[in-house]
Amino acid sequence: MDFSIKAYDTKNPILSAKTGCVAVAVYENKKLSAAASALDQHGDISAALKSGDISGKAGSTLLLRGVAGITAARVLLVGMGSADAVSEKNFASAVHATLKCFGQLGSNDAIIAFPMTDVKGRDQAWAIGCIVTAAHEAQFRTDGQKSRKDPERSGVKKLTLAADFVDARTRQSLAQAQAIARGMDLTKELGNLSANVCTPTYLANTARKLAKDYKFDVEILERKQLEALKMCSFLSVSAGSEEPPKFIVLKHMGGKKSDAPVVLVGKGITFDTGGISLKAGPGMDEMKYDMCGAASVLGTFRAIGEMGLAMNVVGIIAACENMPSGRATKPGDIVTSMAGLTIEVLNTDAEGRLVLCDALTYAERFNPAAVVDIATLTGACIVALGHHNSGLFARDDDAGNHLAQELLDAGKQAGDTAWRLPIGELYNDQLKSNFADLGNIGSPGGASCTAAAFLENFTRSYAWAHLDIAGTAWKSGGAKGATGRPVALLSNFLLNRA
Ligand code: BES
Ligand code: MN
Ligand code: ZN
């Protein structure tokens, strides 16, 4: 989709815009938005409203052709709910309904002229982001691995956003929204790819390609180097797999050389069978999504590369498969992590923390300003929060609380929300082992919290937060597919810091 933004005013009125379609808002009480009134030269639009053909409820639509006195070929009336206060939710449903109609339109180009500055508690930049994200979502294809491609989509390819005003910040908002949407597209593509294609090697090659496209530094550490670094916890997860593990390090040095970087750490299990603690059969295909933390790091890097973010960011991905085999790690095996802490692997299906702990130790060498890890870590997180919020964990001290607040705020800003859950000594106590420094699972209850508490042991030298995206990274059922979350949260978090 090709986007542009333009202010229509008295010198350049919307009624003389040459376009296939203008989408304008109408309200529940039969009130017209300003743009709708501007197009209502001979009363065609008010007449359509009076006829009752459109309710004005958020997301209702009515397509008019040949509206008198204007240049546009069509006008799409879109319900925006109550005129008193345009809610975020109503604006978003109006946008979705509009893009659905645009997808079936016999026109190549269109204008969205919505009240972008009227959304309660939000600004024009948010509205731009909402439209751009929805347009990408509507265009996203999942037929990459089909031999018979889905039919080429007709509909709108060139979208102009009619803004109340266009200044430098407006243009920047549009550019940022497009960068984030492109990042999310990559995250979704990687997530949806089957695990026989999207292997650790494939993730490494994707990182190499990103580095080439956006001039990042990239380093891929191979098994030998990981052994030399004593990443035996990470390697214990990879032990049962024929696919070689890859440890990926990406660097975007957009800030001053001396500035401490933000480090993003992604869980990259390209398939999680559970290992010897084998998972149940039904739905196991969805464990191809167990690399969505890694994919969100790569997607966020694409976004910051597109934006040329003026800040230092390091991305670390620990990528491998979790498979059962004669060489696989067994329940009860004890491994020594890079940090020197020994771990009793009581359940080989609690593998995410085993790869992340070594990646978190590796992060120390960057003297980070903050470290955020992103992982499809626990099924329990879905039980706790459903599919609406990612789980957010941080230490309950000044640095931890501050970082947590930044991430919560960024999530709200982006409509990619997280909710904070607890860690602390009591959860850490659940990880006690008779034979090693730590067990890799807790006593029953609070599995998301004990998983996070496990990670916390390896993060004491810097400000740290953990995002459990088990419930938010993909959708199951008929609409099965990766969501691109939490790329928007992470990108906004970085933008706010830059
Ligand atoms: N990748 C899974 C977590 C997961 C499961 C995410 C289902 C989304 C949907 C993780 O590696 C795992 O298996 N966790 C175990 C931990 C348990 C053994 C303590 C879980 O959640 O069951
Ligand atoms: Mn697992
Ligand atoms: Zn897993």
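Refer to the structure above for everything that follows.
Residues numbered from 1 in each chain as written. Chains lettered and ligands numbered in written order. Predicted model: local features only at pLDDT ≥ 70, side-chain atom pairs only at ≥ 80, totals over all residues. Heavy atoms only, no water.

Peer 1: Is there a simple way to think about the packing of helix 9 (residues 292–307) against helix 15 (residues 487–497) in this case?
Peer 2: Axis angle and axis distance: for two packed helices, these are the angle between their axes and the distance between the axes, and together they describe the pair. One can describe the packing of helix 9 onto helix 15 by two numbers: an axis separation of 9 Å at closest approach and a directional angle of 45°. By the angle class used here, helix 9 and helix 15 are oblique. For the crossing formed where helix 9 meets helix 15, the hand is right-handed. On the side of helix 9, the interface is formed by Ser 296, Gly 299, Thr 300, Ala 303, Ile 304 and Met 307, while helix 15 contributes Val 487, Leu 490, Ser 491, Leu 494 and Leu 495. Tallied by class, the residues present in the contact of helix 9 with helix 15 amount to seven nonpolar, four polar and no charged. (Axes fitted to C-alpha atoms, helices over the stretch in contact; angles between N-to-C directions. Helix = DSSP H or I, 4+ residues; strand = E, 2+ residues; numbered from the N terminus. Parallel < 35°, antiparallel > 145°, perpendicular 65-115°, else oblique. Left-handed = near helix turned anticlockwise from the far one by under 90°. Contact = heavy atoms within 4.5 Å. Nonpolar A, V, L, I, M, F, W, Y, C, P; charged D, E, K, R; others polar.)

Peer 1: Please explain the coordination of the zinc ion (ligand 3) as it appears in this structure.
Peer 2: Ideal geometry at a metal centre gives angles of 109.5 degrees when four donors are arranged tetrahedrally and 90 or 180 degrees when six donors are arranged octahedrally. The protein atoms that coordinate the zinc ion (ligand 3) are Lys 267 (NZ), Asp 272 (OD), Asp 290 (OD) and Glu 351 (OE), at distances spanning 2.0 to 2.4 Å. Taken together, the six donor atoms surrounding the zinc ion (ligand 3) define angles of 78 to 174° at the centre, an arrangement classified as octahedral. Between consecutive donor residues of the zinc ion (ligand 3), the sequence gaps follow K-x4-D-x17-D-x60-E. Taken as a pair, the zinc ion (ligand 3) and the manganese ion (ligand 2) lie 3.2 Å from each other and share Asp 272 as a ligand. Placement of Lys 267 in strand 9 (residues 262–272) and of Glu 351 in the loop between strand 12 (342–345) and helix 10 (352–363) is noted, with a sequence separation of 84 residues between them. Note on accessibility: Lys 267 and Glu 351 belong to one class, buried. (Donors = N, O, S within 2.8 Å, 3.2 Å for Na, K, Ca; no water. Tetrahedral: all angles 85-135°; square planar, octahedral: opposite > 155°, others 65-115°. Buried < 20%, exposed > 50% of the residue type's maximum accessible area, 1.4 Å probe, protein only.)

Peer 1: Looking at this model, I keep getting lost on the sheet that holds strand 8 (residues 246–253). Mind explaining?
Peer 2: Think of a sheet as strands paired side by side through backbone hydrogen bonds, with each pair either parallel or antiparallel. Read from one edge of the open sheet, eight strands run 7-8-10-9-13-17-14-15, paired in mixed fashion. Among the strands making up the open sheet, the edge pair consists of strand 7 (217–221) and strand 15 (418–420). Averaged over all neighbouring strand pairs, the angle between strand axes comes to 20°, with direction disregarded. Looking at chain direction, strand 14 (residues 390–394) and strand 15 are connected through three bridges and run parallel. Residue pairing across strands places Leu 392 opposite Arg 420, the latter belonging to strand 15. Its contacts with the sheet place helix 10 against strand 7, strand 8, strand 9, strand 10 (312–322), strand 13 (370–375) and strand 17 (464–468), and it is angled at close to 155° to strand 9. (Pairing = 2+ DSSP bridges.)

Peer 1: Is there a simple way to think about the layout of surface pockets in this case?
Peer 2: Over the atoms, a rolled probe matching the size of one water molecule traces out where space is still vacant. In this model, the largest pocket occupies a volume close to 1,600 Å³. For the largest pocket, the lining is made up of 48 residues, of which Thr 133, Met 184, Ala 414, Gly 415 and Asp 416 are closest to its centre. For the lining of the largest pocket, the secondary structure elements donating two or more residues are helix 3 (88–102), helix 4 (124–139), helix 5 (168–192), helix 12 (398–414), strand 18 (474–475), strand 19 (481–482) and helix 15. Sorting elements by how many residues they give to the lining of the largest pocket places helix 5 first, with nine residues. Taken together, the residues of the lining of the largest pocket sort by class into 16 nonpolar, 21 polar and eleven charged. Each of domain 1 (2–163) and domain 2 (180–497) contributes no fewer than three residues to the lining of the largest pocket. Estimates place the volume of the second largest pocket at around 580 Å³. Along its surface, the second largest pocket is lined by 30 residues, and Lys 279, Asp 349, Leu 377, Thr 378 and Gly 379 are the ones closest to its centre. At the level of elements, strand 9, helix 10 and helix 14 (447–456) are the ones that each hand at least two residues to the lining of the second largest pocket. Looking at side-chain class alone, the lining of the second largest pocket contains nine nonpolar, 13 polar and eight charged residues. (1 Å grid on protein atoms, 1.4 Å probe; cavity = no way out; pocket = protein on both sides within 12 Å on 5 of 7 lines; lining within 4 Å. Points joined across faces, edges and corners; volume = space filled by probe spheres on them. Domains from an automatic or database assignment.)

Peer 1: Looking at this model, I keep getting lost on the site of ligand 1. Mind explaining?
Peer 2: In the vicinity of ligand 1, 17 residues are found, and the nearest of them are Lys 279, Asp 290, Asp 349, Glu 351 and Gly 379. Lys 267 is positioned with one of its side-chain polar atoms (N or O) 3.2 Å from an oxygen atom of ligand 1. Taking Thr 376, its main chain carries an N or O atom lying 3.3 Å from a nitrogen atom of ligand 1. Within the complex, the protein chains bury 80% of what would otherwise be the 510 Å² of accessible surface of ligand 1. Judged by the fraction of its atoms near the pocket grid, ligand 1 is located in the second largest pocket. Tallied by class, the residues present in the shell around ligand 1 amount to six nonpolar, four polar and seven charged. (Near = heavy atom within 4 Å. Polar contact = N/O pair within 3.5 Å; in protein donor to acceptor, adjacent residues only side chain to side chain. Areas by Shrake-Rupley, 256 points an atom, 1.4 Å probe, with all protein chains shown as cover. Sits in = over half its atoms within 2 Å of the grid points.)

Peer 1: Whenever I open this one, the pairing of strand 6 (residues 158–163) confuses me. Can you help?
Peer 2: A regular strand places its side chains on the two faces of the sheet in alternate fashion. Among the six residues in strand 6, five count as buried, and that is most of the element. Of the pairings in the sheet, the one linking strand 1 (residues 2–7) to strand 6 comprises six bridges and is parallel in character. Directly across from Ser 4, in strand 6, lies its bridge partner Thr 160. Bridge analysis of strand 5 (residues 109–113) against strand 6 gives four bridges, and the strand direction is parallel. The partner of Ile 112 across the bridge, within strand 6, is Leu 161. Regarding topology, helix 4 serves as the crossover connection from strand 5 to the parallel strand 6, and that connection is right-handed. (Right-handed = clockwise from strand over helix to strand, strands pointing away.)

Peer 1: How do you make sense of the coordination of the manganese ion (ligand 2) when you look at a structure like this?
Peer 2: The protein atoms that coordinate the manganese ion (ligand 2) are Asp 272 (OD), Asp 349 (O), Asp 349 (OD) and Glu 351 (OE), at distances of 2.0 to 2.2 Å. Coordination at the manganese ion (ligand 2) comes from six donor atoms whose angles at the metal span 72 to 168°, giving a geometry best classed as irregular. Counting residues between consecutive donors of the manganese ion (ligand 2) along the chain gives the motif D-x76-D-x1-E.

Peer 1: It is not clear to me how the side chain of Ser 173 should be interpreted in this structure. Could you clarify?
Peer 2: Note that Ser 173 resides in helix 5. Looking at Ser 173, the relative accessible area reads 7%, which means it is buried. Polar side-chain contacts of Ser 173 include one of 2.7 Å to the backbone oxygen of Arg 169. Beyond its immediate stretch of four places on either side in the chain, Ser 173 contacts Ala 125 and Ile 128.

Peer 1: How should unusual backbone geometry be read in this particular structure?
Peer 2: Phi is mostly negative for residues that are not glycine, and the peptide bonds are mostly trans. Pro 486 follows Arg 485 through a cis peptide bond whose omega is 0°. Of note, Pro 486 is situated in the loop between strand 19 and helix 15. Located in the positive-phi region is Lys 215, a residue other than glycine, with phi close to 60°. Its location among the elements puts Lys 215 in the loop between helix 6 (200–214) and strand 7. Given a relative accessible area of 75%, Lys 215 falls into the exposed group. Unlike most non-glycine residues, Lys 230 shows phi in positive territory, near 65°. Locating Lys 230 in the fold gives a position in the loop between helix 7 (223–228) and helix 8 (232–238).

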